[in-house]
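Secondary and tertiary structure notes
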Amino acid sequence: MKKRSILFAPWRHTYIKRAVKAEEEEGDCAFCDALKVGQKFESLIVYNGKLATVILNKFPYNNGHTMVIPKRHTAEFEKLSVEEFEELHSLLRKSLEAIKAIYQPQGVNIGMNLGRSGGAGIVDHLHYHLVPRWSGDTNFMPIVAETKVISESLDETYKKMAAWFAENL
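Residues numbered from 1 in each chain as written. Predicted model: local features only at pLDDT ≥ 70, side-chain atom pairs only at ≥ 80, totals over all residues. Heavy atoms only, no water.

As for the overall build of the chain
What counts, and what does not: Only DSSP runs of H or I with at least four residues qualify as helices, and only runs of E with at least two residues qualify as strands; both kinds are numbered from the N terminus onward. All accessible areas in this document rest on Shrake-Rupley with a 1.4 Å probe, and a residue is counted as covered only by the protein chains that are shown.
Within the chain one finds 5 helices and 5 strands. Reading the secondary structure of the chain in the N-to-C direction produces α-α-β-β-β-α-β-β-α-α. Of the roughly 10200 Å² of accessible surface on the chain, 54% is carried by carbon and sulfur atoms.

A short note on the packing of helix 3 (residues 82-103) against helix 5 (residues 154-168)
If you want to describe how two helices pack, look at the angle between their axes and the distance between the axes. Defined as follows: In this analysis, axes come from line fits to C-alpha atoms, helices being fitted only over the stretch in contact, and the angle between any two N-to-C directions falls in the range 0 to 180 degrees. Roughly parallel here means an angle under 35 degrees, roughly antiparallel means over 145, roughly perpendicular means 65 to 115, and every remaining angle is called oblique. Take the far helix as the reference: if the near one is turned anticlockwise from it by less than a right angle, the crossing is left-handed, and if turned clockwise, right-handed. Whether two residues touch is decided by their heavy atoms; if any such pair falls within 4.5 Å, the residues are in contact. When residue character is reported, Ala, Val, Leu, Ile, Met, Phe, Trp, Tyr, Cys and Pro are called nonpolar, Asp, Glu, Lys and Arg charged, and the others, Gly included, polar.
Between helix 3 and helix 5, the least distance of the axes is 10 Å, while the angle of their chain directions is 120°. In this view, helix 3 runs oblique relative to helix 5, as classed from their interaxial angle. The two elements helix 3 and helix 5 meet at a crossing, and its hand is right-handed. Here Lys94, Ser95, Glu97, Ala98, Ile99, Ala101, Ile102 and Tyr103 of helix 3 lie close against helix 5, whose contacting residues are Thr157, Lys160, Met161, Trp164, Phe165 and Asn168. Looking at side-chain class alone, the contact of helix 3 with helix 5 contains 8 nonpolar, 3 polar and 3 charged residues.

Examining the pairing of strand 1 (residues 45-48)
For the record, the criterion: Strands pair, by our definition, only if DSSP identifies at least two bridges between them.
Across 3 bridges, the pairing between strand 1 and strand 2 (residues 52-56) is antiparallel. Considered in strand 2, the bridge of Asn48 is made with Thr53.

Let's talk about helix 2 (residues 30-37)
As a reminder, the rule being used: Burial here depends on accessible area, computed with a 1.4 Å probe over protein chains only, as a share of the maximum for the residue type. Under 20% is buried, over 50% is exposed, and the range in between is partly exposed. The arc in question is formed by the directions pointing from the helix axis toward the C-beta atoms.
Of all the residues in helix 2, the buried ones are Phe31, Cys32 and Ala34. For helix 2, the arc enclosing every buried residue in end-on projection is 160°, short of the 170-degree limit, so these residues lie on one face. As for helix 2, its buried residues are in contact with strand 1, strand 2 and strand 3 (66-70). Phi turns positive, to about 95°, at Gly38, one or two residues after helix 2.

Here we look at the nonpolar core
The condition that has to hold: Take the buried residues of types Ala, Val, Leu, Ile, Met, Phe, Trp, Tyr and Cys, join any two whose side-chain atoms come within 4.5 Å, and each joined set is a nonpolar core.
Counting residues in each nonpolar core, the largest one holds 32 residues, and the members touching the most others are Phe31, Val46, Ile55, Val68, Leu88, Met161 and Phe165. When contributions to this core are tallied by element, the ones reaching two or more residues are helix 2, strand 1, strand 2, strand 3, helix 3, strand 5 (128-133) and helix 5. With near-sequence residues (within four places) excluded, Met161 lies in contact with Val46, Leu56, Thr66, Ala98, Ile99, Ile102 and Tyr103.

Re the packing of aromatic side chains
Spelled out, the test is: Think of it this way: a Phe, Tyr or Trp ring, Trp meaning its six-membered ring, pairs with another when their centres are within 6.5 Å, and the plane angle makes it stacked under 30 degrees, edge-to-face over 60, tilted otherwise.
One pass over the full model with this rule turns up 4 aromatic pairs. Between Tyr47 and Phe165, the aromatic rings sit 5.4 Å apart at their centres with planes inclined by 25°, giving stacked as the arrangement. Of this pair, Tyr47 sits in strand 1 while Phe165 sits in helix 5, and the two are 118 residues apart along the sequence. Three or more aromatic residues joined by ring pairs form one cluster here, namely Tyr47, Trp164 and Phe165.

A closer look at helix 5
Just so we agree on the cut-off: To estimate how far a helix should extend, the number of its residues minus one is multiplied by 1.5 Å.
The terminal C-alpha atoms of helix 5, which comprises 15 residues, lie 21 Å apart, in line with the 21 Å expected from a rise of 1.5 Å per residue. By the burial criterion, the buried members of helix 5 are Thr157, Tyr158, Met161, Ala162, Trp164 and Phe165. Along the axis of helix 5, the buried residues cluster in a sector spanning 160°; they form a single face. For helix 5, the exposed residues lying more than 90 degrees away from the buried face are Lys159, Ala166 and Glu167.

Quick look at the environment of Ala163
By the secondary structure assignment, Ala163 is in helix 5. According to the relative accessible area criterion, Ala163 is partly exposed, its value standing at 34%. Once the C-alpha coordinates of Ala163 and Ala98 are considered, the two residues, 65 residues apart in sequence, prove to be 9.8 Å apart.

What about the environment of Lys79?
Positionally, Lys79 belongs in the loop between strand 3 and helix 3. If we ignore the near neighbours within four places in the chain, the residues touching Lys79 are Arg72 and Glu84.

No statement about biological role is implied by the geometric values presented.
And the structure:
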């Protein structure tokens, strides 16, 4: 019989609690709040398109953890307009190019979690995650000390990503 591995990520509990609380407060959306602030470090928006936006994850799994969101507040992927869909995916591609150019990862996880049961932390505003990966990027720290080691500050990530988008779009 094959043994199953279980990955524990207790540091994410703080994020999940905040996301659930925000969802319970009617009309509160971290992404919509960021869009109101505009493209600056305080919002973590590194590029603002016409219909979609590139934003850093405030609680990253790894250096360079980026998200691509539609500007319109929606959880219904299938109801995106053709224009929203095209820009969302164009920025997804550009974000991948940026991550590869800046971080030279050995791999990248790209995904979207739809609905609470699907794993979405922010349920009402769909978003893609791009998580750069390297061999050995997970270690004993999360398990032993409930600590995830991120070797780069968010402001450094922001500067690198915003500069890349400014030069390449």
